[in-house]
Amino acid sequence: MKLKLSALLLLTVGIISCNKYKVTTTEDGDRLQIHEKGKSGKLAKEGDIIKFDLVIRTAADSVIKSSYEEGTPFTVPIQKGFFKGSFENALYHIGEGDSTTVLVSADTLFKMMSQPVPPEIGVGTDIRFTVKMHKIQSMEDYKKEAEERKANEPKIIQDYIAKNMKGAQKTTEGEIYYVQTAPGSGDLVKDGDEVKVKYVGKFIDGEIFDQSQGDNTIGVKVGAHGVIPGWEIALKTMRKGGKSTVIIPSAMGYGEQGGGPIPPNSPLVFDIEVVDVVKN
């Protein structure tokens, strides 16, 4: 499970603001501040898949982007950047388990983008990319792991239901299991309805990969294929004010390709609340 967001952000602020970390320049021209070294010493090579959290800050410590805040680590194939001293090139020097800040010239970055440096970033400054490298895998191992998940998925789902979702019902479409924790009122959601939803998305092990923030909701037009199929099927078992926990098999989720932080062939668990329904 991840640390609370506030704790993570405070840790990141402390890392970036601390002056005791010297800047190391690699032979490739990448500038790094190493805060913590992982135990494995494993570095990524061309074609590997890397998973990491990232906070991007200006020289004045203003947050530009935070994967912690968004609840979604990056899972991407490593690839070379377009200029010397780029963030992408520096990733080849960050080992599994490392925490490192990469310093990238704002002038060079925005010149490559054919854009002026924004005033809030500042000409002549460095943009700071603080990385926590969670995992490095070869493409072969990544695919093998995905195949094992696919083979084991039916048992994994049934074991999860037996342990965490006693009394779960199964939809007639898509083999999605759900437990209603609040029934709601009114008619069932139907295709064409527009719903406002709060949610928490989790992996089977309980790790949160995505969630709505605070009182904010997301809007979904059911039947318009704007969300994964499993969501649309699950929503049609719910009413306004209803709350459900659902488990969605990968075939009704992100399938064999995966997406973002979601590996291929991953069943997903969602806690969903239908806050409002506008009928078609």
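First, a word on scope: everything that follows refers to the structure included in this document. (Residues numbered from 1 in each chain as written. Predicted model: local features only at pLDDT ≥ 70, side-chain atom pairs only at ≥ 80, totals over all residues. Heavy atoms only, no water.)

### Observations regarding the overall build of the protein chain
Reasoning step 1: When helices and strands are tallied, the protein chain shows six helices and 14 strands.
Reasoning step 2: Projected onto the principal axes, the alpha-carbon positions of the protein chain cover approximately 60 × 40 × 35 Å.
Reasoning step 3: In the protein chain, which comprises 280 residues, the proportion classed as buried is 45%.
Reasoning step 4: Long-range pairs, those at least 24 residues apart, make up 69% of the contacts in the protein chain with a sequence separation of at least 6.
Reasoning step 5: Accessible surface computed for the protein chain: about 14900 Å², of which carbon and sulfur atoms make up 53%.
Reasoning step 6: Of the charged side chains in the protein chain, 36 are positive and 38 negative, and the gap between their average positions amounts to 3 Å. (Helix = DSSP H or I, 4+ residues; strand = E, 2+ residues; numbered from the N terminus. Buried < 20%, exposed > 50% of the residue type's maximum accessible area, 1.4 Å probe, protein only. Contact = heavy atoms within 4.5 Å. Areas by Shrake-Rupley, 256 points an atom, 1.4 Å probe, with all protein chains shown as cover. Lys, Arg positive; Asp, Glu negative; His and termini not counted. Charge placed at Lys NZ, Arg CZ, Asp CG, Glu CD.)

### A closer look at the side chain of Ser266
Reasoning step 1: With respect to the secondary-structure elements, Ser266 resides in the loop between β13 (243–248) and β14 (268–278).
Reasoning step 2: Among the polar contacts made by the side chain of Ser266, one reaches the main-chain carbonyl oxygen of Pro263 at a distance of 2.8 Å.
Reasoning step 3: Residue contacts for Ser266: discarding those within four places in its chain leaves Arg149 and Ser250. (Polar contact = N/O pair within 3.5 Å; in protein donor to acceptor, adjacent residues only side chain to side chain.)

### Side note on a nonpolar patch on the surface
Reasoning step 1: A cluster of nonpolar side chains, Phe82, Met112 and Met113, forms an exposed patch at the surface whose accessible area comes to about 370 Å².
Reasoning step 2: The class for Met112 is partly exposed, based on a relative accessible area of 45%. (Patch = residues over 30% accessible without salt bridge, like charges linked within 9 Å, V, L, I, M, F, W, Y side chains within 5 Å. Salt bridge = Lys/Arg side-chain N within 4 Å of Asp/Glu carboxyl O.)

### Some details on the environment of Gly122
Reasoning step 1: With respect to the helices, strands and loops of the structure, Gly122 is situated in the loop between α4 (106–112) and β7 (126–137).
Reasoning step 2: A sequence separation of 62 residues divides Gly122 from Ala60, and the C-alpha atoms of the two residues are 9.3 Å apart.
Reasoning step 3: Each residue touching Gly122, except ones within four places of it in the same chain, is listed here: Ala106 and Val117.

### Some words on unusual backbone geometry
Reasoning step 1: Here His225, not a glycine, exhibits a phi torsion of approximately 60°, which is positive.
Reasoning step 2: Looking at the element boundaries, His225 is found in the loop between β12 (218–221) and α6 (229–235).
Reasoning step 3: His225 sits in the exposed class, given a relative accessible area of 67%.
Reasoning step 4: Residues other than glycine seldom take positive phi values, yet Asn265 does so here, at roughly 55°.
Reasoning step 5: Within the secondary structure, Asn265 is located in the loop between β13 and β14.
Reasoning step 6: Residue Asn265 is classed as buried on the basis of its relative accessible area, which comes to 6%.

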